[in-house]
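Single-letter residue listing:
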Amino acid sequence: MELLLALGTLGVLLFVPGYIIARALGLRGLWSVAVSGPASVTAVVSASIVAPLLGMTWGVLPVAVVTAAIVILVVGLRMLLWRATPPHDPGDSLRPWARAAVVAAPLVIVVQVLLMIGSPDHISQTFDNIFHLNAVRYILETGNASSFWVSSLTSSEAGVPPSFYPAGWHAFSALLVDVSGVSIPVASNALLIGFAAFTWTTGIVVLTRELSGGRTSTMVGAAAAATCFPAFPILLADYGVLFPYMMALSFVPATLALLVRAVMRDHTDARARVPWLVALVGLLPGMAVSHPGGLVVLLAMGAVVFAAALVRRARRHGGRPPGGLWAWMGLAGYLVIAGCLWFFLRPSADARTWTPELTVGQAIGEVLTASVNRAPINLGMAVLIVLGIVAAFRTRTARGGLTLGLFALAAGLYITAAGVPYLLLRDVLVGAWYNNIPRLAAIMPLVWVPLAALGFTAAWDALRARRLRGGRRMVATLGLAALVLAVFPLPQAMSMRHAIRDARANYAVSEDAPLLTTDEWALLERIDEYVPEDAVIVGSPWTGTALAYALADREVLFPHTLMYVSQDMQEILDSLDTAEPGSEVCDLLTDRRADFVLDFGRQEVNGGRHVYRGLDRLARSDAVELVDSEGDARLYRVTACG
């Protein structure tokens with residue numbers, strides 16, 4: 001029931017603000033639905049930054065105020081720049097089978113995610129999730145969700161000023177917890193479902209329609225294919241865990257589709273492009289504050305779109321640069337700006353340390369077999385992708401060329417990350433994604449889905465034509481049945497089942513779970529019986545004790561593994577178990593109200609090994625007394641300091 005409450009509340013928060021904005025822009029039909037999620041996130045992240053500047057506590061009110069301001073701005077721009085509704089293309093209308101597929105695809109992903117997490121209150125037992133969950137609690141506690149504030153969670157104790165951190169996921173999670181009253185783990189899982197099932201599927205179907213047309217078979221193929229690639233969204237919910245990046249990447253299809261509509265369509269009036277461009281620009285803040293990696297993907301793919309549009313126009317003008325040199329100078333300017341952002345949005349050098357793990361040939365093979373990041377061969381999708389490549393090449397249209405160009409770009413980036421041994425070149429090209437293979441693997445479904453849908457349509461047309469001509473009708477009928485199996489049941493039974501099974505291990509609560517074991521979780525569930533609300537808990541964050549903050553609502557001295565540790569904090573880590581009345585460590589513990597210690601043993605997330613001298617002999621220390629225990633998990637009270 002708690003998950004249903006969370007999903008219902010999320011449906012309102014993720015759909016309503018953005019849908020109002022989309023309608024104000026004049027968007028209709030599937031466009032307004034696909035844009036609603038990213039537009040809502042833009043409203044939420046904008047509100048999170050503006051709210052503290054206006055002295056407002058984080059919650060629904062600042063989101064409502066910012067949404068109203070955006071709507072007023074959009075209406076004003078529409079009155080000044082364009083008044084009519086953006087022209088409706090007959091291909092924008094979905095026929096019944098296409099509508100059914102667009103509705104069914106999110107439901108399939110909901111089932112996939114539920115099978116993966118096992119229970120609505122399970123958490124990803126991975127390294128990054130310590131920060132993600134605790135950051136949500138920090139926002140709820142401080143009432144500040146600004147991306148210029150959230151990093152103070154790990155720096156304020158050491159006196160280090162906060163820096164920018166993309167906190168869109170955390171702001172939205174905290175808003176959901178605040179409105180619905182559900183727990184932080186349930187809210188986190190609800191957001192995963194919302195962006196994976198709703199934002200991703202509607203966006204990729206719209207993008208496919210712009211690239212490959214709106215035929216029913218193409219739309220059905222796109223909706224089905226959106227659920228058939230482990231690389232997105234399952235991989236990012238398993239590896240890392242990379243929730244913010246997954247969130248931003250789910251916005252790329254709809255945003256890219258807006259750009260394609262604006263520059264690749266034949267508009268009788270230049271003003272007809274304006275609403276599409278305004279919508280595109282309006283979605284960028286939500287993407288950038290969710291995760292800059294998503295913005296860099298859009299920048300790269302945007303360059304391909306602009307180049308394709310200029311080549312198309314040049315062909316129509318007999319090879320001469322259309323509009324003189326200004327259009328080509330504009331492309332050059334875009335590339336310069338994108339290149340600068342590509343460079344400045346890169347993470348620091350010490351975070352870009354991932355190295356190649358494959359040969360170039362192996363990486364190419366993974367791209368062609370839809371099995372990136374060493375996944376099992378996705379046979380059905382691989383066949384459809386190859387058919388789609390052939391079909392796009394044979395069309396010899398601008399959109400066919402664009403589809404192939406986007407595929408070549410994404411494949412080139414993945415092959416570079418996975419197999420290119422020239423580290424400097426590799427860092428220049430894919431350093432924006434940490435030189436990290438899974439992050440580049442997650443981009444591939446963005447270009448695979450349109451190709452698979454195009455391949456499905458080509459195969460469908462060929463088999464139906466053969467069947468209608470008579471002759472070997474049984475062969476054609478069996479071929480159609482095999483095609484339907486290839487586009488949905490086969491990947492679900494093979495590749496997706498394998499990916500979900502592997503990912504489930506990171507969400508399972510077991511005796512040997514990497515972050516929180518069964519005993520540790522049980523102890524956290526009753527910790528409020530012993531630890532007052534104003535007390536602070538000491539413990540090694542590497543063993544999972546830091547999650548007492550997010551899961552038990554008790555402040556911890558070390559809320560993350562990667563944080564600034566002051567000299568005073570280090571003294572506590574070094575001397576707590578030898579504390580005596582009047583000692584320096586007692587004064588520090590008293591000043592910080594650090595009256596309790598959690599000991600979760602020596603098992604650390606990511607197989608780490610961090611020994612803190614002041615915490616490794618608690619069982620024999622006279623400075624503490626045992627308050628509660630569950631298996632090897634223990635809660636101590638500090639008694640040495642009075």
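For the structure, see preceding data.
Because the structure is a prediction, the values reported are computed rather than measured.

Draft legend 1. Spatial organisation of a nonpolar patch on the surface. Together, Tyr-422, Leu-424, Leu-425, Val-428 and Leu-429 give the surface a local cluster of nonpolar side chains, amounting to about 530 Å² of exposed area. Position of Val-428 among the secondary structure elements: in helix H18 (residues 423-430).

Draft legend 2. Here's a closer look at the sheet that holds strand E4 (residues 624-630). A sheet is described by the order of its strands in space; here five strands give the open sequence E2-E1-E3-E5-E4, paired in mixed fashion. The outermost strands of the open sheet, each flanked by one partner alone, are strand E2 (555-556) and E4. Two elements, strand E1 (residues 536-538) and E2, share two bridges in a ladder whose sense is parallel. When the sheet's bridge partners are listed, Ile-537 is paired in E2 with Val-556.

Draft legend 3. Focus on the layout of surface pockets. Counted as a void, the largest pocket has a volume near 1400 Å³. For the largest pocket, the lining is made up of 44 residues, of which Asp-128, Tyr-165, Ala-351, Tyr-434 and Leu-562 are closest to its centre. The residue inventory of the lining of the largest pocket, partitioned by class, reads 26 nonpolar, 14 polar and four charged. Looking at the second largest pocket, its volume works out to about 470 Å³. Together, 19 residues line the second largest pocket, and Trp-97, Ala-101, Thr-216, Val-220 and Phe-456 are the ones closest to its centre. Among the secondary structure elements, those contributing two or more residues to the lining of the second largest pocket are helix H4 (96-117), helix H8 (216-225), helix H20 (444-468) and helix H21 (473-487). Of the residues contributing to the lining of the second largest pocket, the split by class is 15 nonpolar, three polar and one charged.

Draft legend 4. The pattern of salt bridges, seen in detail. Following the criterion strictly, the structure yields 16 salt bridges and no others. Salt-bridge contacts for Arg-592 lead to Glu-157; the nearest nitrogen and oxygen are separated by 2.6 Å. Placement of Arg-592 in the loop between helix H26 (584-591) and strand E3 (594-599) and of Glu-157 in the loop between helix H5 (129-142) and helix H6 (168-180) is noted, with a sequence separation of 435 residues between them. On the basis of relative accessibility, which here comes to 16%, the residue Arg-592 falls in the buried class. Put simply, Arg-215 and Asp-461 hold a salt bridge, and the shortest N to O gap is 2.6 Å. With Arg-215 in the loop between helix H7 (184-212) and H8 and Asp-461 in helix H20, this pair connects stretches of sequence that are 246 residues apart. Among the residues examined, Arg-215 registers a relative accessible area of 43% and is labelled partly exposed. Here the residues in one salt-bridge network are Glu-157, Asp-568 and Arg-592, joined through shared partners.

Draft legend 5. Quick look at the environment of Ala-100. With respect to the element layout, Ala-100 can be found in helix H4. Sequence separation between Ala-100 and Ser-119 is 19 residues, and the spatial gap between their C-alpha atoms is 28 Å.

Draft legend 6. Main features of the nonpolar core. If you look at the biggest cluster of nonpolar residues, it comprises 213 residues, and the most contacted ones within it are Tyr-414 and Trp-433. No other element matches the 16 residues that H7 contributes to this core. Beyond its immediate sequence surroundings of up to four residues, Tyr-414 is in contact with Leu-358, Ala-363, Glu-366, Val-367, Val-372, Asn-373, Ile-437, Leu-440, Ala-441 and Met-444.

Analysis parameters
- Residues numbered from 1 in each chain as written.
- Predicted model: local features only at pLDDT ≥ 70, side-chain atom pairs only at ≥ 80, totals over all residues.
- Heavy atoms only, no water.
- Patch = residues over 30% accessible without salt bridge, like charges linked within 9 Å, V, L, I, M, F, W, Y side chains within 5 Å.
- Areas by Shrake-Rupley, 256 points an atom, 1.4 Å probe, with all protein chains shown as cover.
- Salt bridge = Lys/Arg side-chain N within 4 Å of Asp/Glu carboxyl O.
- Helix = DSSP H or I, 4+ residues; strand = E, 2+ residues; numbered from the N terminus.
- Pairing = 2+ DSSP bridges.
- 1 Å grid on protein atoms, 1.4 Å probe; cavity = no way out; pocket = protein on both sides within 12 Å on 5 of 7 lines; lining within 4 Å.
- Points joined across faces, edges and corners; volume = space filled by probe spheres on them.
- Nonpolar A, V, L, I, M, F, W, Y, C, P; charged D, E, K, R; others polar.
- Buried < 20%, exposed > 50% of the residue type's maximum accessible area, 1.4 Å probe, protein only.
- Core = buried A, V, L, I, M, F, W, Y, C linked by side-chain atoms within 4.5 Å.
- Contact = heavy atoms within 4.5 Å.

Structural measurements only, silent on function.
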